[in-house]
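Fold and contact review
Letter by letter, the chains look like this.
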Amino acid sequence: MRLSFIGTSHGVPEPFRRCSCTMIEAQGQYYFIDMGTQAIEDVIRRGIDVNDVKGIFITHPHSDHCDGLVSYVGLINWYFTKADPTIVVPQISIADGIRGWQKGLGGSLRDTIRFEETKPGVTYDDGVLKVTAYPTQHCPNSFAYLAEADGKKVLFTGDLRHPTVDFPQVVYEEEIDLVIVESAHFSPEHTEKVLENAKVKRVLHNHVYSAWNEELGRMAKHQHHYQYGLSYDGMEVVL
Ligand SMILES: [Zn+2]
Ligand SMILES: [Zn+2]
């Protein structure tokens, strides 16, 4: 299982960081968790066959996590017409919005473009990747996703209300190889406390707001029972 960090910024892009988007590769198939940036361009630049992208999973309906869907769906609608990813959205109105955008351009979406609404629990399983959704309280219809492939487990927290309120409890129940924790809305030091007793091997702070740099610097000097670090655009992680 390989993770490619396409965009790791907080809600606003920065000169060297784009908005939230992570690509998963497993057994020659590709998946996205969030698409806050024009990921279709990354698929093409990397020489990936667009038909090998099998799933897109949006954590919640904020622009910095899903705006890239508009261009992605636009291109598979008219050009890469054999592409048939399952597009899992936290509320189906996102699909209605993309249909409306196409209509506004004078076109329409082909029937074979498949949107599904996130279901709490196992929301997707194609035999290569299994995705379990955990509701969070960041906003209406927000979810964390546990992605499992090749015997590895990666938890994407999505945006949270606060780690002490809605951190997915699965980190205490199952061994997680990697937790990708959002660090935009609260000091990452709160997450450190929550993860003290978690069965976690590695933590990457993602979606980091620069106001927390001082805390992150302090935390880097702490001892953790897990490997600890920050994500950045272009980072690749193989599990
Ligand atoms: Zn966000
Ligand atoms: Zn958000």
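A brief structural summary.

About the criteria used
- Residues numbered from 1 in each chain as written.
- Chains lettered and ligands numbered in written order.
- Predicted model: local features only at pLDDT ≥ 70, side-chain atom pairs only at ≥ 80, totals over all residues.
- Heavy atoms only, no water.
- Donors = N, O, S within 2.8 Å, 3.2 Å for Na, K, Ca; no water.
- Tetrahedral: all angles 85-135°; square planar, octahedral: opposite > 155°, others 65-115°.
- Helix = DSSP H or I, 4+ residues; strand = E, 2+ residues; numbered from the N terminus.
- Buried < 20%, exposed > 50% of the residue type's maximum accessible area, 1.4 Å probe, protein only.
- Lys, Arg positive; Asp, Glu negative; His and termini not counted.
- Salt bridge = Lys/Arg side-chain N within 4 Å of Asp/Glu carboxyl O.
- Contact = heavy atoms within 4.5 Å.
- Pairing = 2+ DSSP bridges.
- Axes fitted to C-alpha atoms, helices over the stretch in contact; angles between N-to-C directions.

1. A word on the coordination of the zinc ion (ligand 2)
Bound to the zinc ion (ligand 2) on the protein side are His60 (NE2), His62 (ND1), His138 (NE2) and Asp159 (OD), at distances that span 2.2 to 2.4 Å. Coordination geometry of the zinc ion (ligand 2): the 4 donor atoms subtend angles of 90 to 175° at the metal centre, consistent with an arrangement described as irregular. For the zinc ion (ligand 2), all donor residues lie on one chain, and their spacing in sequence is H-x1-H-x75-H-x20-D. Here the zinc ion (ligand 2) and the zinc ion (ligand 1) are spaced 3.4 Å apart, linked through aspartate 159, which binds each one. With histidine 60 in the loop between strand E4 (53-57) and helix H2 (63-66) and aspartate 159 in the loop between strand E10 (152-156) and helix H5 (163-166), this residue pair connects regions lying 99 residues apart in the sequence. Residue histidine 60 is classed as buried on the basis of its relative accessible area of 1%. For aspartate 159, a relative accessible area of 3% translates into the label buried.

2. Some points on the side chain of arginine 202
Looking at the element boundaries, arginine 202 is found in strand E12 (residues 202-206). Despite being buried, arginine 202 has no salt bridge partner; aspartate 177 is the closest side chain of opposite charge, sitting 9.8 Å away. The residues touching arginine 202, leaving out its near neighbours within four places in the chain, are Asp177, Leu178, Val179, Tyr226, Gln227, Met235 and Val237.

3. Here we look at the coordination of the zinc ion (ligand 1)
Ligation of the zinc ion (ligand 1) by protein atoms is provided by Asp64 (OD), His65 (NE2), Asp159 (OD) and His207 (NE2), these donors lying 2.2 to 2.4 Å from the ion. Geometry at the zinc ion (ligand 1) is irregular, judged from the 4 donor atoms that bind it and their angles of 86 to 163° at the metal. In primary-sequence terms, the residues that donate to the zinc ion (ligand 1) follow D-H-x93-D-x47-H.

4. Digging into the sheet that holds strand E8 (residues 130-136)
Strand order in the open sheet formed by 7 strands is E7-E8-E9-E10-E11-E12-E13, and the pairing between neighbours is mixed. Edge positions in the sheet fall to strand E7 (121-125) and strand E13 (227-230), since each has one partner strand and no second. The average undirected angle you get between the axes of adjacent strands in this sheet is 20°. In the sheet, E7 pairs with E8 via 4 bridges, with the strands oriented antiparallel. Bridge pairing links glycine 121 to alanine 133 in E8.

5. Regarding the sheet that holds strand E1 (residues 2-7)
Pairing is mixed in the open sheet, where 7 strands are placed in the order E6-E5-E4-E3-E2-E1-E14. In this open sheet, the two strands that pair with only one neighbour each are strand E6 (114-117) and strand E14 (236-238). With direction set aside, neighbouring strand axes in the sheet form an average angle of 20°. Across 3 bridges, the pairing between E4 and strand E5 (residues 86-89) is parallel.

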